[in-house]
Protein chains: 2
Amino acid sequence: MKKVEEELVGVKEIARRANVSIATVDRVLHNRTGVSEKTKEKINSIIQELDYQPNLLARRLASRKAIQFAILIPQISNETDFWQAPLNGIEQAEAEIIQYGIKLDKYFFDLNNKSSFVKQTQVLLKGNLDGVLLAPSFIEESIAFTKELQKRNIPYIFIDSDIPNQESLSFIGPDLFQTGYLAGHLINYLFESGKILLVNISKEIDNHHHLLRKEEGFRTYFQKNNINKEIVKIDIRKTDYKSIKKNLAKILTKEKDVKAIFVTNSRVSYVAHFIEESSIQDKLLIGFDFLNENIEYLKKGTIDFLICQKPQEQGYRGIMALYNKIVQQAPIEKAYFMPIDIVTKENYAFYRN
Amino acid sequence: MKKVEEELVGVKEIARRANVSIATVDRVLHNRTGVSEKTKEKINSIIQELDYQPNLLARRLASRKAIQFAILIPQISNETDFWQAPLNGIEQAEAEIIQYGIKLDKYFFDLNNKSSFVKQTQVLLKGNLDGVLLAPSFIEESIAFTKELQKRNIPYIFIDSDIPNQESLSFIGPDLFQTGYLAGHLINYLFESGKILLVNISKEIDNHHHLLRKEEGFRTYFQKNNINKEIVKIDIRKTDYKSIKKNLAKILTKEKDVKAIFVTNSRVSYVAHFIEESSIQDKLLIGFDFLNENIEYLKKGTIDFLICQKPQEQGYRGIMALYNKIVQQAPIEKAYFMPIDIVTKENYAFYRN
DNA sequence: TCATCTTCCGGTAGCGTACCCGGAAAAGAA
DNA sequence: TTCTTTTCCGGGTACGCTACCGGAAGATGA
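So, a few notes on the structure that sits alongside this text. Small disclaimer: the values here were computed from a predicted structure and weren't measured. (Residues numbered from 1 in each chain as written. Chains lettered and ligands numbered in written order. Predicted model: local features only at pLDDT ≥ 70, side-chain atom pairs only at ≥ 80, totals over all residues. Heavy atoms only, no water.)

**What about the protein's contact with DNA strand C?**
Here is step 1 of the chain: In the region of DNA strand C, 28 residues are neighbours, and D26, Y52 and R59 of chain A together with S21 and T24 of chain B sit closest.
Here is step 2 of the chain: Considering the 4 Å shell around the protein, atoms of DNA strand C inside it are sugar or phosphate in 65% of instances.
Here is step 3 of the chain: In this structure, a phosphate oxygen belonging to DNA strand C sits 3.1 Å away from a main-chain N or O atom of N55 of chain A.
Here is step 4 of the chain: Elements with a minimum of two residues in the surface near DNA strand C: α1 (11-18), α2 (22-29) and α4 (56-62) of chain A together with α2 (22-29) and α4 (56-62) of chain B.
Here is step 5 of the chain: Ranked by residue count, the leading element in the surface near DNA strand C is α2 of chain B, at four residues.
Here is step 6 of the chain: Among the residues making up the surface near DNA strand C, the classes are represented as twelve nonpolar, nine polar and seven charged. (Near = heavy atom within 4 Å. Polar contact = N/O pair within 3.5 Å; in protein donor to acceptor, adjacent residues only side chain to side chain. Helix = DSSP H or I, 4+ residues; strand = E, 2+ residues; numbered from the N terminus. Nonpolar A, V, L, I, M, F, W, Y, C, P; charged D, E, K, R; others polar.)

Spelled out as C-alpha cells, the structure:
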C-alpha cells in the first residue's frame, strides 16, 4: 500500500534516519566498498522502508561520465533502403535522450559481406560501452560477438531478427511465423480458386532462414484450416530485375492457374513491375514493407496488400529499451514482437512506419 | 553547419562572453524584466550564435515548482470501456515523465451527461495549470471551455475527436472519413454480390457526427469507384441488447440479400452476439475497436475484421505532445492522425492498442 | 541639493546526487 | 606498547540552472 502523496525522500533523509552522512548512503546505493556490514544493512532497510526512488534528473546531472551506446546495423545500400527506417527511429530516440547525457555511436556493415560485420564488431569493442543494439544478420559471427560482450558485461539487444537462447536483454522485431500465417489468411480470404505462387527473392544465404520461417507460417495456415490450395514455389537467387523477370515469366507460362502471388519480402515491387509490363490482370499480389517503390504499386492497385512491421519503431524502441533498462533501470520484456500491419491503397497515407 | 562535437555551452559561458552575470542571462532566457534593451540584444545574439540548448535536467531540477497538466476525458462506464485504453496510455506517459517534475490531474465526465462535463471544466479551471488534454465530446461546451483556456494562456490538445478552427496545439486521433473509406474498400474486396447493411448504434447525439463522418467515407468509396452496391442503413438509438436484437431481426428479415454488415463503432460485439444467437451464416462483419468483447468474436470468426486506431497510443501521445511542447519546447504537429489498423483473427495477438 | 523611485544588475543559496579527499578508529605487526 | 595498515566514514564541492535578495547607478520630484 503506497501513500497517495508519495513525499519524495532523498539521500539526505535516509542519511538523517540512519545517522550517517549522505556519502555513506551513496556508497551503499552504488554498493561501493567502505561500509561496514552493519550500517549497510541499516541503510538498506531504510531504503526499503521508504521505497526510495533516486531522482534521475539529479543523478544524470551529477554523474560526470556520459552513457555510451552503440548500434550495429546494415548500411543503407542502393539495393534496398529498408534500413533507413530503423535508422530514422534510432536517430529520433537519440535526439530525445541526448540531453540526458547519452551518447550513441553508429556502426554499419555490408549485408553482402561477412567480414565487414566482423571488422565493425572489432572497432566497436574498442570503445567503452554501456549497451549495444545489434542486427544479428550473420549468425555465427553475431554469437561470437555477443559472447565477447557478455564477457565484458555489456548488455545488448537484438533488432529485426533474433537469435534464440542468447543472453540478450531483449529482441525487438517481427514474429516471422505469424506474419506468414497472416499472409495465408489474407490470401485465402480474397480469392476462391486457383493456385498460389510463393516467391522468394534473396541472395544472402544468411538471411534465408527469415524467408523460410515466413513460408512455414504461410503453409501452416492452409494446413491447419484444412484448405487445399496448391502452392507453387519459386526461389530466385539473383536480385536484378532481368533475372526476376525471366524466372517469373517462365513459371507463369507453365502455371496458368496462378491467381495469387505472395512475395516473401520487400522485393515485391519487382514482381509488380513485371506484372504491369506483361499486362497481367487479376492477380492478387501481396508483399512486404512500406518502401516507396512498393507504395507506388500499391497506389496503382498492382500490389493489393503490404504487410509491414514498423521498422522505424523497431529502431526507436530498440534504443529506448536500452535507455529504459540501463539508465532508468526499468524492467523490459524479453521479446517485443512488432504488430503485423496490413497496408492497403486506402490506409497507406495513415501508416506510420 | 553544426559542429560535429557540439561542445555543450551553458549560461556560464554566455555570461562570460556577454560580460554579465549568469543571473542576467537567466533573465533574458525567461524574458523576465530588469534587463536593458541593449544587453538583452547582446545576450540574445550570443545565444543564437552558440546555438545554446539549455540543460533540461538542470532546469527541471532547479525549478522548484512542478509542471501541472490535466486531462478531461469520458469516464469508463460499464456500457463501454473504450476509454480504458487511452487512460492506460495516459498513465504510461505519466509514469515516464513524473520523475521530471510533471504532475497530472485526471478529470472524468459522463458521456451521457453534458452538465457533468461543464462541472468538471469548472473544477479544472480552479487549478493552476500548464496544459490540458481534452476529449471535446460536447462541442458547444468544449468551445466555451477552450475559450477560457486561451484567455488564461493555457495550451490544450484535443484527443479522439477534433473541433476544427480552434487554437488547439494539436489534435490526436483518427481520421474518420478515411476510416470509413477503408471499411468500404475492405468490404468491397471481400464479397461479390448482395447488399450491405450499415449499422449505427448510438444514443449520444453529440457523438453522432462521428458516425456520420465515417458513413460519408464509406459511401464515398463506392461512389468514387463506381461500384453499385446497395447500402441499407439502420439507426439504433438504444444501446441495450434487446433493442439491438429487435432492430436487427426486423431489418434482416426484410432485407434477405444482406451479405455484409458494417457496424460504425465498437458495439459490433452486440451484432456478433445476435448473429451467433440467430445462427446466421456467411455474413461478413466489420466493426471497430480492440475491445475484449470484440476480440472474442473475432477469434471465433463471427467478426471478420476490426478497424482500430490505437486508443492507448492516443492517450500516450497526447500527454507526450504536451510534454514535448511545454517542457521541451519542441514543435509539434497541428494534427496527428492515428494509423488505421486492420485487425484479424491472425494478427490480433500482435496488435498493440 | 537631497530624498525617493526606477532601472538594471551581481551574488548566491539552493535542487538531489556523485565522488574525491582526508581523517578517525580499529586491526594488525613489531 | 607503538607504529603501520586497513576499514569505515564525514565534509565539501561540483553538475547547470532557477530565483530570491539586495545594491549601485540613474531618473525624478521637491
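**Describing the environment of Y221 of chain A**
Here is step 1 of the chain: Checked against the element boundaries, Y221 of chain A lands in helix α9 (residues 208-224).
Here is step 2 of the chain: With relative accessibility at 5%, the residue Y221 of chain A sits in the buried group.
Here is step 3 of the chain: Once the C-alpha coordinates of Y221 of chain A and H185 of chain A are considered, the two residues, 36 residues apart in sequence, prove to be 6.7 Å apart.
Here is step 4 of the chain: In this view, Y221 of chain A contacts Y181, G184, H185, N188 and I227 of chain A together with E346 of chain B; residues no more than four positions away in its chain are not counted. (Buried < 20%, exposed > 50% of the residue type's maximum accessible area, 1.4 Å probe, protein only. Contact = heavy atoms within 4.5 Å.)

**So, the relation of the copies chain B and chain A**
Here is step 1 of the chain: Structural alignment of chain B on chain A gives an RMSD of 0.2 Å, achieved by rotating through 180 degrees and translating 0.0 Å along the axis. Those values place the two copies in the arrangement expected of a two-fold rotation axis. Using C-alpha coordinates, one finds that chain B approaches the rotation axis most closely at L57 of chain B, a distance of 2.5 Å.
Here is step 2 of the chain: Of all interface residues in chain B, 97% are interface residues in chain A too; the two copies therefore contact each other through one and the same surface. (Least-squares fit on C-alpha atoms with pLDDT ≥ 70 in both.)

**Focus: the nonpolar core**
Note that soluble globular proteins tend to have their nonpolar side chains buried in a common cluster.
Here is step 1 of the chain: In this structure, Y323 of chain A together with Y323 of chain B are the most contacted members of the largest nonpolar core, which totals 55 residues.
Here is step 2 of the chain: Broken down by element, this core gets its largest block of residues, six residues, from helix α13 (residues 311-326) of chain A.
Here is step 3 of the chain: With sequence-adjacent residues up to four places away left out, Y323 of chain B is seen in contact with Y100 of chain A together with F69, I97, Y100, I102 and Q328 of chain B. (Core = buried A, V, L, I, M, F, W, Y, C linked by side-chain atoms within 4.5 Å.)

**Quick look at the packing of α1 of chain A against helix α3 (residues 37-50) of chain A**
Residue and element names in this part refer to chain A.
Here is step 1 of the chain: Relative orientation of the contacting elements α1 and α3 amounts to 130 degrees, with a least axis distance of 10 Å. Considering their axes alone, α1 and α3 lie oblique with respect to each other. In this structure, α1 crosses over α3, and the sense of that crossing is right-handed. Side by side, α1 and α3 meet where E13, I14, R17 and A18 of the first sit next to K42, I43, I46, I47, E49 and L50 of the second.
Here is step 2 of the chain: Grouping the constituent residues of the contact of α1 with α3 by class yields six nonpolar, no polar and four charged. (Axes fitted to C-alpha atoms, helices over the stretch in contact; angles between N-to-C directions. Parallel < 35°, antiparallel > 145°, perpendicular 65-115°, else oblique. Left-handed = near helix turned anticlockwise from the far one by under 90°.)

**What about the pattern of salt bridges?**
Here is step 1 of the chain: Taken as a whole and assessed by the stated rule, the structure comprises 38 salt bridges over all chains.
Here is step 2 of the chain: The salt bridge involving K151 of chain A is made with E148 of chain A; its shortest N-O contact spans 3.7 Å. Linking K151 of chain A with E148 of chain A, this pair stays in helix α7 (residues 139-151), spanning three residues, or about one helical turn.
Here is step 3 of the chain: By relative accessible area, which is 66% here, K151 of chain A ends up exposed.
Here is step 4 of the chain: The partner of D26 of chain B in a salt bridge is R32 of chain B, and the shortest N-O contact between them spans 2.5 Å.
Here is step 5 of the chain: Looking at D26 of chain B, the relative accessible area reads 26%, which means it is partly exposed.
Here is step 6 of the chain: Several salt bridges converge on common partners, so that one network encompasses E215, R219, K233 and D235 of chain A. (Salt bridge = Lys/Arg side-chain N within 4 Å of Asp/Glu carboxyl O.)

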